[in-house]
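# Fold and contact review
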Amino acid sequence: MQRVFSGIQPSGELHIGNYLGAVRNWVALHSEYECIFCVVDLHAITQPYEPKELAPRTLEMAVGLLAAGLDPERCTLFVQSHVPEHAELAWALSTVAPLGDLERMTQFKDKAAREETVPAALLNYPVLQAADILLYLAEKVPVGEDQLQHLELAREIARRWNARFGTALFPEPQPVLSKARRIVGLDGNAKMSKSLGNTIGVLESPEAIWEKLRPAMTDPARKTRRDPGTPEICNIYALHQHFSTPDEVEHVAQMCRTAGWGCLDCKRLLADNMIAALAPMRERAADLKAHPERVRGVLGRGAEHCRRLAGATMARVREAMGLAPRSA
Ligand code: SF4
């Protein structure tokens, strides 16, 4: 069975962009692959953050992932910093990672442009990502389109390291693209992202979901209820395609084009369907939050399993790189 690796930032509560764009796909991969999933707290510290919030957010993300359907009996879930070999391999890979390629990464350029002083960790972020994947010799990586550039760099790093040290240790990981490639936020512009404040959390209450959907951006041509709209350019219509039945989606498009209803009616139907779809996750999350020791147990067993795998890879890396063997 091929091995899959993927990670998610500890941004706290899982939002529907994370769920539709990544986690739903992760759940579907359980039966086809040996899956390793990780909450990437070492990546999170490359950006300004509040240290007191990091551990609770990491645990909250783990709760969200388990509530969303990750099954710890069929996949491994752990916290990145609990397996120190991630950082060790990142250092080893940085010896072959081309500086020019790192400086050309779109995400680095975007993030660096917003910083007064650019931390080296921001530049090395894709090297750590390569280490995350290569540490487990993973062949497949479920990614969004915005991560394809980093995955291509991971392949380049694997090729260079294998060539430099004369082995074929690292496979060149291939992407598994999610069907829902880019979930747009409630502002109707940018990708749904916690940092942009345009999200709906999968564990939010029905009231909170409605409060967020009500003012969400729609087709600006629908200035009044009598103005017809174009559903294809409206993000509410895009969300209906994930939460409503095919018949409802068709009804939404027709009512929009003919000004048969107002945007609030359309959003109410979406809210009802979204609330119903997310209800089982909210229930599972409430149960997990009442028993945090279960979540810690899952993460502990996951880290233990991953330390074993990572230890075996690092022994081969150290030997290939000529580092002195450790004494027993
Ligand atoms: S009716 Fe629905 S699909 Fe049409 S613009 Fe309004 S919210 Fe969007």
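Use the structure listed above.
Heads up: these notes are all about the structure in this document. Bear in mind the structure is a predicted one, so any value in this text is a computation, not a measurement.

Glancing now at the overall build of the protein chain. Broken down by element type, the protein chain carries 13 helices and 5 strands. For a compact globule of 328 residues, the expected C-alpha radius of gyration is about 20 Å, and the protein chain comes in at 22 Å, within 12% of that figure. In terms of overall dimensions, the protein chain has C-alpha extents of about 75 × 45 × 40 Å along its principal axes. Across the 328 residues in the protein chain, those meeting the buried criterion constitute 50%. Considering only contacts in the protein chain between residues 6 or more positions apart, those separated by 24 or more positions represent 77%.

Across all of its chains, the model carries 5 aromatic pairs by this definition. Seen from their ring centres, Phe 78 and Tyr 136 are 6.0 Å apart, and the 75° between their planes marks the pair as edge-to-face. Residue Phe 78 is located in strand β3 (residues 75–79), and its partner Tyr 136 is located in the loop between α7 (120–134) and β4 (140–143); the two are separated by 58 residues in the primary sequence. Taking the relative accessible area as the measure of exposure, Tyr 136 reaches 0% and is therefore buried. Put simply, the rings of Phe 5, Phe 78 and Tyr 136 pair up and form one aromatic cluster.

The local shell around the ligand consists of Thr 218, Asp 219, Arg 222, Cys 234, Ile 236, Tyr 237, Cys 256, Trp 261, Cys 263 and Cys 266. Listed by contribution, the elements that provide at least two residues to the shell around the ligand are α10 (235–243) and α12 (263–290). Its residues assigned to classes, the shell around the ligand shows 7 nonpolar, 1 polar and 2 charged.

Moving on: the environment of Gly 166. Looking at where Gly 166 falls in the secondary structure, it is placed in the loop between α8 (148–165) and β5 (174–177). Assessed through its relative accessible area of 68%, Gly 166 is described here as exposed. As a C-alpha pair, Gly 166 and Asp 101 span 65 residues in sequence and 22 Å in three-dimensional space.

Let's shift gears to the pairing of β3. With 5 of 5 residues buried, β3 is to be regarded as a mostly interior element. Burial along β3 is two-sided: Cys 75, Leu 77 and Val 79 facing one way and Thr 76 and Phe 78 facing the other are all buried. When strand β2 (residues 34–39) meets β3, the two strands line up parallel, connected through 5 bridges. Counted as the bridge partner of Phe 37 is Leu 77 from β3.

Another point: the nonpolar core. Counting residues in hydrophobic clusters, the biggest one holds 57 residues, and the most contacted among them are Ile 16, Leu 65, Leu 77, Leu 213 and Met 274. Sort the elements by how many residues they give to this core and α12 lands first, with 9 residues. Ile 16 has contacts with Gly 21, Met 192, Ile 200, Val 202, Leu 239, Phe 243, Met 274 and Leu 278, leaving out every residue within four places of it along the chain.

You can see Thr 46 is positioned in the loop between α2 (41–44) and α3 (51–67). A distance of 2.7 Å separates a polar atom in the side chain of Thr 46 from the backbone oxygen of His 43. With sequence-adjacent residues up to four places away left out, Thr 46 is seen in contact with Pro 119, Ala 121, Leu 122 and Tyr 125.

Rules behind the numbers
- The residue numbering used here restarts from 1 in each chain and proceeds along that chain's sequence as written.
- Where local features are concerned, this predicted model is filtered to residues with pLDDT of at least 70; where side-chain atom pairs are given and counted, the filter is 80 or more; whole-chain, interface and lining totals use all residues.
- Note that the side-chain values use all heavy atoms of the structure and ignore hydrogens as well as water.
- Strands are runs of DSSP state E lasting at least 2 residues, helices are runs of H or I lasting at least 4, and numbering of each runs from the N terminus.
- Note on method: radius of gyration uses C-alpha positions; expected globular size equals 2.2 Å times residues raised to 0.38.
- For every residue, the accessible area (1.4 Å probe, protein chains only) is compared with the maximum for its type, and the residue is labelled buried under 20%, exposed over 50%, or partly exposed between those bounds.
- Residue contacts are defined here by distance: any two heavy atoms, one from each residue, within 4.5 Å place the two residues in contact.
- The pairing test for Phe, Tyr and Trp rings, Trp by its six-membered ring, is centres within 6.5 Å, and the orientation test on the planes gives stacked under 30 degrees, edge-to-face over 60, and tilted for anything in between.
- Throughout this document, a residue counts as near a molecule or strand when at least one of its heavy atoms sits within 4 Å of that molecule or strand.
- Under the scheme applied, nonpolar residues are Ala, Val, Leu, Ile, Met, Phe, Trp, Tyr, Cys and Pro; charged residues are Asp, Glu, Lys and Arg; polar residues are all the others, including Gly.
- Only strands that DSSP links by at least two bridges are regarded as paired with each other.
- Buried Ala, Val, Leu, Ile, Met, Phe, Trp, Tyr and Cys residues form a nonpolar core when they are joined through side-chain atoms within 4.5 Å.
- Polar contacts here mean pairs of N or O atoms no more than 3.5 Å apart (in protein, one a potential hydrogen donor and the other a potential acceptor; neighbouring residues in sequence count only if both atoms are side-chain atoms).

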